[in-house]
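# Architecture at a glance
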Protein chains: 2
Amino acid sequence: MNLGSKEKIITGKEIAERMKKVKKKIGVLSGKGGVGKSTVSALLAVHYAREGYQVGIYDVDFLGPSIPRLFGIERKKYEMILSRDGLEPVYSDRLGIRVVSIQFLLPKSETPVMWRGVAVNQAIRTFLGGCSFGELDYLIFDFPPGTGEAPLTVMDFVELDGIVMVTIPHDLSYMVVEKALKMAEKFDTEIIGLVENMSYFICPKCGEKHNIFLGEDSEILAAKYGIERVIKIPIDLKLAKFADRGRIEDYGIDYFEDFDY
Amino acid sequence: MNLGSKEKIITGKEIAERMKKVKKKIGVLSGKGGVGKSTVSALLAVHYAREGYQVGIYDVDFLGPSIPRLFGIERKKYEMILSRDGLEPVYSDRLGIRVVSIQFLLPKSETPVMWRGVAVNQAIRTFLGGCSFGELDYLIFDFPPGTGEAPLTVMDFVELDGIVMVTIPHDLSYMVVEKALKMAEKFDTEIIGLVENMSYFICPKCGEKHNIFLGEDSEILAAKYGIERVIKIPIDLKLAKFADRGRIEDYGIDYFEDFDY
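Residues numbered from 1 in each chain as written. Chains lettered and ligands numbered in written order. Predicted model: local features only at pLDDT ≥ 70, side-chain atom pairs only at ≥ 80, totals over all residues. Heavy atoms only, no water.

## Considering helix H2 (residues 37-50) of chain B
All names here are of chain B. Along its 14 residues, H2 runs 20 Å from first to last C-alpha, staying within 8% of the 20 Å computed at 1.5 Å per residue. Most of H2 sits out of view: 13 of its 14 residues are buried. Gly52 occupies a position one or two residues after H2 and carries a positive phi of about 95 degrees. (Helix = DSSP H or I, 4+ residues; strand = E, 2+ residues; numbered from the N terminus. Expected span 1.5 Å × (residues − 1). Buried < 20%, exposed > 50% of the residue type's maximum accessible area, 1.4 Å probe, protein only.)

Shown next, in the form of structure tokens:
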């Protein structure tokens, strides 16, 4: 990565300066992969933006970045440029959500980011201290799966105001999600909501409701960890379509309508 | 991690000695999380074991290990002990598949493995050179999501005979899977099969077949990368149940029946 003509070291102080301008910093985490963290991050950002807030998303999933695709802005890479104030985020079309993602800096969408942990660490810090998000009401961190380099690095440098934990109703998923909940405890970070994604599927033909995954109700998990807000998002073919076509901002349902954070 | 009374450095030569005893080394990879890599790894191992082969699984997903749970052996941790020949794998109940996973060494199933890349690197090498898999026909590597520390470390030390790539029929997933395909190219490793998981859902009430995800057919992706074998696995409530209850060995359908590798 090249953030200007000379190699630049980012200090913790620089990161703190940037983060001072952000009122609320929310992490979207799971531990488990493929449970829809990025979709949840996007839906949460859209919720806040529709309410009139200034919102940013930092796509911390350097190895599998998918936020730009969800907003249909993956080709706007020429907009993530280095200005006097730092690396400029790319603004989403409808709501002006400020997105920062490694995906904008790759020559092709399928270019792999084959980075060991130390490289991920360096890049995360560079983006944290080097991106000009500006004044924000909400900055959402879309984390990769796992309790490794990415969340550890962000949480060392940024005091998150809260974490939205994402799971699917599958016992195997709960086991891995619990590992992430334990990590949040370690960092003394509040879990402000538990999202049960792919909660159920309604057959579009006969209307029958199916629980595709068969785990315990996530309310039990929420109760165990004292999480007050549980948000259930069904498998919705329309949501899948809007996500796949990069039109997440046009999707009509706001699952975070009653989310008072 | 403590593999005996004194700290032990594992050399590349030791790893090579261990791997000499394994006839075929297969990686199960995706790039994308939550597409069912672990389930596919388990189903592939069960397929080979039923055919009478000696089979092992190395659960390389240190941050989100799920192989022990799929086989219902997560409580057998006292069996993963250090013998004279190294760290003993745990044998599955029905077919004697030899499983190595960090999960066996954790005090509780929900204990998080909060490791940066360097720690993951060290642990992977320790297991590679320190586990006594013995003589094997097939050793299956169940990788975590991403193109980072774990696959890079394994592929630096072990020459994989082939990779089974796992995807779901979702354009966003294809984009990330392509990154993993590019990584495999970089290591000159053959893709011996593409698994399209969660391929479709058959409504148990009305029998209607639904494509829950809406991406292009994965045959197109397979053709683009010259992959000859495409295996489609539907969303099957029965498979989910057997997986959740740790009875993957009792599941009746063999999706790898025609998989001639």
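## Some details on the sheet that holds strand S9 (residues 191-196) of chain A
Residues and elements named next belong to chain A. Spatially, S5-S6-S2-S7-S1-S8-S9-S12 is the arrangement adopted by the 8 strands of the open sheet, whose pairing is mixed. Edge positions in the sheet fall to strand S5 (90-91) and strand S12 (230-232), since each has one partner strand and no second. Relative to strand S7 (residues 136-142), strand S2 (residues 55-59) is paired through 5 bridges, and the arrangement is parallel. Residue Tyr58 lies in a different strand from S7, and its bridge partner there is Phe141. Of the strands in this sheet, strand S1 (22-29), S2, S7, strand S8 (162-167) and S9 touch helix H2 (residues 37-50), which is tilted by about 170 degrees from S7. (Pairing = 2+ DSSP bridges. Contact = heavy atoms within 4.5 Å. Axes fitted to C-alpha atoms, helices over the stretch in contact; angles between N-to-C directions.)

## Overview of the interface of chain B and chain A
The parts lose accessible area when they come together, and the size of an interface is often stated as this lost area. Listed by partner, the interface residues are 58 residues for chain B and 58 residues for chain A. Between Arg116 of chain A and Glu149 of chain B there is a salt bridge, with the nearest N and O atoms lying 2.7 Å from each other. Where chain B packs against chain A, one counts 26 residue pairs in polar contact (both at pLDDT 80 or more). Listed by contribution, the elements that provide at least two residues to the side of chain B that touches chain A are helix H3 (67-70), helix H4 (117-130), helix H5 (149-157), helix H6 (171-186) and helix H8 (237-244) of chain B. In terms of residues, the side of chain B that touches chain A owes the most to one element, H6 of chain B, which gives 9 residues. For the side of chain B that touches chain A, a count of residues per class yields 25 nonpolar, 17 polar and 16 charged. (Salt bridge = Lys/Arg side-chain N within 4 Å of Asp/Glu carboxyl O. Polar contact = N/O pair within 3.5 Å; in protein donor to acceptor, adjacent residues only side chain to side chain. Nonpolar A, V, L, I, M, F, W, Y, C, P; charged D, E, K, R; others polar.)

## Quick word on the relation of the copies chain B and chain A
The transformation that overlays chain B on chain A combines an axial shift of 0.0 Å with a rotation of 180 degrees, and the residual RMSD is 0.0 Å. Such a combination of turn and shift is consistent with a two-fold rotation axis. Interface overlap between copies is the fraction of interface residues in one copy that are interface residues in the other; for chain B against chain A it reaches 100%, indicating a shared surface. (Least-squares fit on C-alpha atoms with pLDDT ≥ 70 in both.)

In short, shape yes, function no, at least from these values alone.
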